[in-house]
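Next come the chains, spelled out residue by residue.
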Amino acid sequence: MSNILQFIKNWTLPLSMGIGAVAYLVFYYVPALEGASQWLAPIFDAILPLFMFLILYVTFCKVDFKRLALVPWHWWMIVVQCVLVGSITGAILSFGIHGKELILLESVLACIISPCAAAAAVVTLKLGGNLEQMTTYTFVSNLLCALLIPVCFPLIEPASQMTFWSAFSLIMQKVCLVLVVPMLLALLTKTLPLLHRFHQWLIHIPDLSFHLWGCSLMIVTGTTLKNIFHAETSVLFLLLIGFLGLALCLLQYAIGWRIGNFFNSSIEAGQALGQKNTAFAIWISATYLHPLSTVGPGCYILWQNIINSIEIWKKGKYNA
């Protein structure tokens, strides 16, 4: 029994993805469930933001806000992300890329330019990394994203009619709702004497934020498959987008790990550069780029969580 529990603990993320994938396929291939799927779709759409809010709230309740500060590896991650974004944008503009090649590069750009995932702090905590450094970079990464997108996307898609300030303000509104509000509530929970017992009870529930992330991953996986199954293109092109997502995921994690080694922060830097807010990436792709480019971030979320699962398994094996 203990071996089964340990297996579930080590492989929570792929199990969550597997359950989400099987559930979607059942609803997709069983015509009798079509009515139920249409009824459940808006419910899942509403539940997912709630899960993300709770994940961040629980995580921020464990953060020592006095230790939030920029550290050297943060600046390296900013430089690397700017270089990668500039390289892809420059390649598109310099070579006049269009058609399917443009869609491929737009899907890659969406994964690079999107901010660090909120769940990166959850995985960092699970791996024994520095939660405060990861939380700080999450805010920095979102600000950087809000600056880069209004600069790059109008150059690639002039028809989007995007202005810098309109895009910047829209992204910052989403950042405030997703990051700032749960952070402020967590700060109140930590400081108000009336909530002291609740705060202590909450932070001592083992891996609560991680298990919440596992539940949300079921919904995200089902949504990803839905986008792939309804993509109006060939299977070969979808496989090519998926392969590029895998290569990009490995590249970003590898760069993060490599740079992090110099600062004794390989866990944090790897998560910072490798784990992306793919829900945000899908949103910006659908809003400003070609609709098919959303498949790239959709595949990326599967790859990054497989890597996270391997890291968690290795951590559990090392501690055993």
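Scoring rules and cut-offs
- Residues numbered from 1 in each chain as written.
- Predicted model: local features only at pLDDT ≥ 70, side-chain atom pairs only at ≥ 80, totals over all residues.
- Heavy atoms only, no water.
- Buried < 20%, exposed > 50% of the residue type's maximum accessible area, 1.4 Å probe, protein only.
- Helix = DSSP H or I, 4+ residues; strand = E, 2+ residues; numbered from the N terminus.
- Lys, Arg positive; Asp, Glu negative; His and termini not counted.
- Salt bridge = Lys/Arg side-chain N within 4 Å of Asp/Glu carboxyl O.
- Polar contact = N/O pair within 3.5 Å; in protein donor to acceptor, adjacent residues only side chain to side chain.
- Contact = heavy atoms within 4.5 Å.

A. Local environment of unusual backbone geometry. In the Ramachandran plot, Asp207 falls in the positive-phi region, its phi being about 55° despite a non-glycine side chain. Residue Asp207 is classed as partly exposed on the basis of its relative accessible area, which comes to 25%. Phi at Asn264 takes a positive value of approximately 55°, unusual for a residue other than glycine. Inspection of the secondary structure puts Asn264 in the loop between helix 11 (235–261) and helix 12 (266–274). For Asn264, a relative accessible area of 74% gives the class exposed.

B. Looking closely at helix 6 (residues 119–126). With 7 of its 8 residues buried, helix 6 lies for the most part within the structure. Taken together, the buried positions of helix 6 are occupied by Ala119, Ala120, Ala121, Val122, Val123, Thr124 and Lys126. Where helix 6 ends, the next residue or the one after it, Gly128, has phi of about 85°, a positive value.

C. Expanded view of the side chain of Glu311. Relative to the helices and strands, Glu311 is located in helix 14 (residues 295–319). Lys314 provides the closest opposite charge to the buried, unpaired Glu311, separated from it by 7.3 Å. Looking at Glu311, its side chain comes within polar contact range of the side chain of Gln271, at 3.2 Å. Filtering out sequence-adjacent residues up to four positions away, Glu311 remains in contact with Leu127, Tyr253, Trp257 and Gln271.

D. View of the environment of Glu232. Here Glu232 lies in the loop between helix 10 (208–229) and helix 11. Residue classification places Glu232 among the exposed residues on the basis of a relative accessible area of 76%. Residues Glu232 and Pro291, 59 residues apart in the sequence, show an inter-C-alpha distance of 9.7 Å.

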